Amino acid sequence: MSIAENLRQVLSTIPPKVSLVAVSKTKPEEDLLAAYNAGQRIFGENKIQEMTRKQESLPKDIEWHMIGHVQSNKVKYMAPYVNLIHGVDREKLLKEINKQAAKNNRVIDCLLQMHIAQEETKFGLDASELEQIIKNALAGAYPNVRLVGLMGMATFIPDQKQIRAEFTQLKQHFDNTANQLEQCSVLSMGMSGDYLIAIEEGSTMIRVGSKIFGERNY
Ligand SMILES: *Cc1c(COP(=O)(O)O)cnc(C)c1O
């Protein structure tokens, strides 16, 4: 199947209120253009240099989402244009995003990444770190950042019950955060293998790569 057909297939399985981030990491510009020409406007990348190179050469009405782990010293390269940073997993990073956003006279939308998986390797905040950030944000510590929601990744296992339980837990953090921050409206959860479960558990934004662009060769 072509990229356009894959895209239509994925879109046909999700409700219209759920937004789709097409995860194009490692894929060449021509693949992104194929999805763009089929109507896709939101693309997700996990390396800042790669995203910036693509942003420079592709149409300007694309929305660029950084979905990967972000090194603080690279925030400056995406601060002029990035539309949403999904992986804010430490307060130090939030400080740097706020600083670089201010330098660019922007307010940058961010999601706080929660650690919900069993794997130690996955990044993310725990509940007390989340509370601390919400408290500081409410006190006005980050005027150039808009905390619009949460993001998380489930454990990479076939056990659907475990995956669902992790998404349920993330949804609870999300509801709790939305009670405190009125602009909190985005719950980014679900990838190629688990997005249908994620949507059942309340996801509003899914990040799908291989189901659209095919397997990645690293
Ligand atoms: C790569 C990646 C995805 C997409 O993964 P697929 O299984 O190819 O859909 C989603 N989210 C994050 C954070 C990723 O790094």
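For the structure, see preceding data.
The paragraphs below set out a description of the structure included in this document. (Residues numbered from 1 in each chain as written. Predicted model: local features only at pLDDT ≥ 70, side-chain atom pairs only at ≥ 80, totals over all residues. Heavy atoms only, no water.)

### Overview of the overall build of the protein chain
Turning to step 1, where the next piece is worked out: Assigned secondary structure in the protein chain consists of 9 helices and 8 strands.
Turning to step 2, where the next piece is worked out: Taken against the 2.2 N^0.38 rule, which gives 17 Å for 218 residues, the C-alpha radius of gyration of the protein chain at 17 Å falls within 12% of a compact globule.
Turning to step 3, where the next piece is worked out: Based on the C-alpha atoms only, the size of the protein chain along its principal axes is roughly 50 × 40 × 30 Å.
Turning to step 4, where the next piece is worked out: The 218 residues of the protein chain split such that 51% are buried.
Turning to step 5, where the next piece is worked out: In the protein chain, once contacts between residues fewer than 6 apart in sequence are set aside, the share between residues at least 24 apart is 58%.
Turning to step 6, where the next piece is worked out: Accessible surface computed for the protein chain: about 10,400 Å², of which carbon and sulfur atoms make up 50%.
Turning to step 7, where the next piece is worked out: Averaging the locations of the 26 positively and 26 negatively charged side chains of the protein chain gives two centres separated by 4 Å. (Helix = DSSP H or I, 4+ residues; strand = E, 2+ residues; numbered from the N terminus. Rg over C-alpha atoms; globule rule 2.2 N^0.38 Å. Buried < 20%, exposed > 50% of the residue type's maximum accessible area, 1.4 Å probe, protein only. Contact = heavy atoms within 4.5 Å. Areas by Shrake-Rupley, 256 points an atom, 1.4 Å probe, with all protein chains shown as cover. Lys, Arg positive; Asp, Glu negative; His and termini not counted. Charge placed at Lys NZ, Arg CZ, Asp CG, Glu CD.)

### Thoughts on the site of the ligand
Turning to step 1, where the next piece is worked out: Lining the immediate environment of the ligand, one finds Val23, Lys25, Ile67, Met151, Met153, Met191, Ser192, Arg207, Val208, Gly209, Ser210 and Arg216.
Turning to step 2, where the next piece is worked out: For the ligand, the protein covers 90% of the area, taking 390 Å² as the surface of the free molecule.
Turning to step 3, where the next piece is worked out: Of the residues belonging to the shell around the ligand, the class tally is 6 nonpolar, 3 polar and 3 charged. (Near = heavy atom within 4 Å. Nonpolar A, V, L, I, M, F, W, Y, C, P; charged D, E, K, R; others polar.)

### Observations concerning the nonpolar core
Turning to step 1, where the next piece is worked out: Counting 59 residues, the largest nonpolar core has Phe43, Met78, Ile85, Ile97 and Ile212 as the members making the most contacts within it.
Turning to step 2, where the next piece is worked out: Grouped together as the second largest cluster of nonpolar side chains are 8 residues, Ile42, Leu84, Val186 and Met205 included. (Core = buried A, V, L, I, M, F, W, Y, C linked by side-chain atoms within 4.5 Å.)

### Digging into unusual backbone geometry
For residues other than glycine, phi is negative in most cases, and the peptide bonds are mostly trans.
Turning to step 1, where the next piece is worked out: In the Ramachandran plot, Thr26 falls in the positive-phi region, its phi being about 70° despite a non-glycine side chain.
Turning to step 2, where the next piece is worked out: Note that Thr26 resides in the loop between strand S1 (19–23) and helix H2 (29–37).

### A word on the environment of Asn37
Turning to step 1, where the next piece is worked out: Along the chain, Asn37 falls in helix H2.
Turning to step 2, where the next piece is worked out: Residue Asn37 is classed as exposed on the basis of its relative accessible area, which comes to 62%.

### A word on the packing of aromatic side chains
Turning to step 1, where the next piece is worked out: Taken as a whole and assessed by the stated rule, the structure comprises 1 aromatic pair.
Turning to step 2, where the next piece is worked out: The lysine or arginine in question, Arg41, covers the ring of Tyr36, its NZ or CZ lying 3.6 Å from the ring centre. (Phe/Tyr/Trp six-rings, centres within 6.5 Å; stacked < 30°, edge-to-face > 60°. Lys NZ or Arg CZ within 6 Å of the ring centre and 35° of its normal.)

### Observations concerning the side chain of Ser192
Turning to step 1, where the next piece is worked out: With respect to the helices, strands and loops of the structure, Ser192 is situated in the loop between strand S7 (186–188) and helix H8 (195–200).
Turning to step 2, where the next piece is worked out: Separated by 3.4 Å, the side chains of Ser192 and Ser210 make a polar contact.
Turning to step 3, where the next piece is worked out: A polar atom in the side chain of Ser192 sits 3.1 Å from the backbone nitrogen of Lys211.
Turning to step 4, where the next piece is worked out: If we ignore the near neighbours within four places in the chain, the residues touching Ser192 are Arg207, Val208, Gly209, Ser210 and Lys211. (Polar contact = N/O pair within 3.5 Å; in protein donor to acceptor, adjacent residues only side chain to side chain.)

### Some details on the pattern of salt bridges
Turning to step 1, where the next piece is worked out: Overall, the coordinates contain 10 salt bridges when judged by the stated rule.
Turning to step 2, where the next piece is worked out: Lys54 is the salt-bridge partner of Glu50, the closest N and O atoms lying 2.8 Å from each other. Residue Glu50 and its partner Lys54 are located together in helix H3 (residues 48–57), separated by 4 residues, close to a single helical turn. Across the pair, exposure class does not vary: Glu50 and Lys54 are buried alike.
Turning to step 3, where the next piece is worked out: The closest approach of N and O atoms between Glu200 and Arg164, which form a salt bridge, is 2.8 Å. Of the two residues, Glu200 sits in helix H8 while Arg164 sits in helix H7 (residues 160–180), which places them 36 residues apart along the sequence.
Turning to step 4, where the next piece is worked out: Arg164 sits in the partly exposed class, given a relative accessible area of 30%.
Turning to step 5, where the next piece is worked out: A network of salt bridges, in which partner residues are shared, links Glu45, Glu50 and Lys54. (Salt bridge = Lys/Arg side-chain N within 4 Å of Asp/Glu carboxyl O.)

Everything listed here is a matter of coordinates, which is why it stays silent on function.
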